[in-house]
Amino acid sequence: MRSIFTLLALSFLFLTTSCAKNSYAGQGALGGGALGAGLGAIIGSATGHTAQGLAIGTAAGALTGAGVGEMIDRQDVQSQEMEEERRRQEEELRRQRREIDELRRQQQYDDYYRKY
């Protein structure tokens, strides 16, 4: 029982310190590791190998959670890049509209003075 507690404590310590940046990958590793540890301990207990089940469940859960979280992080980065590109395009459109308005004013000015 003491070894199970030690293994749980070490797993928790590893997972919490490995999530230094606040990202979905880190959160996924933490949540997946915790869920995997619980399921691994239950399955391991049923088979008579609680510590091994706990270790395998923690590792598998952490890896799966980190993988899913990394995918979400990449989608967030893509979304931010697309938003930045949209903002740049809107700014360029405003600049071009101002330029068109200025050209129209200039044309009206030129047309007026050509009449006289």
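Everything quoted here is computed from the prediction, not taken from an experiment.

Regarding the overall build of the protein chain
Piece 1. Across its full length, the protein chain holds three helices and zero strands.
Piece 2. Sequence-ordered secondary structure for the protein chain, helices as α and strands as β, is α-α-α.
Piece 3. Looking at the 116 residues of the protein chain, the share that counts as buried comes to 20%.
Piece 4. When contacts within the protein chain are restricted to residue pairs at least 6 apart in sequence, long-range pairs at least 24 apart make up 58% of them.

What to know about helix α3 (residues 50–115)
Piece 1. Over its 66 residues, α3 extends 97 Å from the first C-alpha to the last, a length consistent with the 98 Å expected when each residue adds 1.5 Å.
Piece 2. Looking only at α3, the buried set comprises G53, L54, G57, T58, G61, A62, G65, G69 and D73.

Some details on the environment of A62
Piece 1. As for its position among the elements, A62 is in helix α3.
Piece 2. When its relative accessible area of 12% is taken as the criterion, A62 is described as buried.

Parameters and conventions
- Residues numbered from 1 in each chain as written.
- Predicted model: local features only at pLDDT ≥ 70, side-chain atom pairs only at ≥ 80, totals over all residues.
- Heavy atoms only, no water.
- Helix = DSSP H or I, 4+ residues; strand = E, 2+ residues; numbered from the N terminus.
- Buried < 20%, exposed > 50% of the residue type's maximum accessible area, 1.4 Å probe, protein only.
- Contact = heavy atoms within 4.5 Å.
- Expected span 1.5 Å × (residues − 1).

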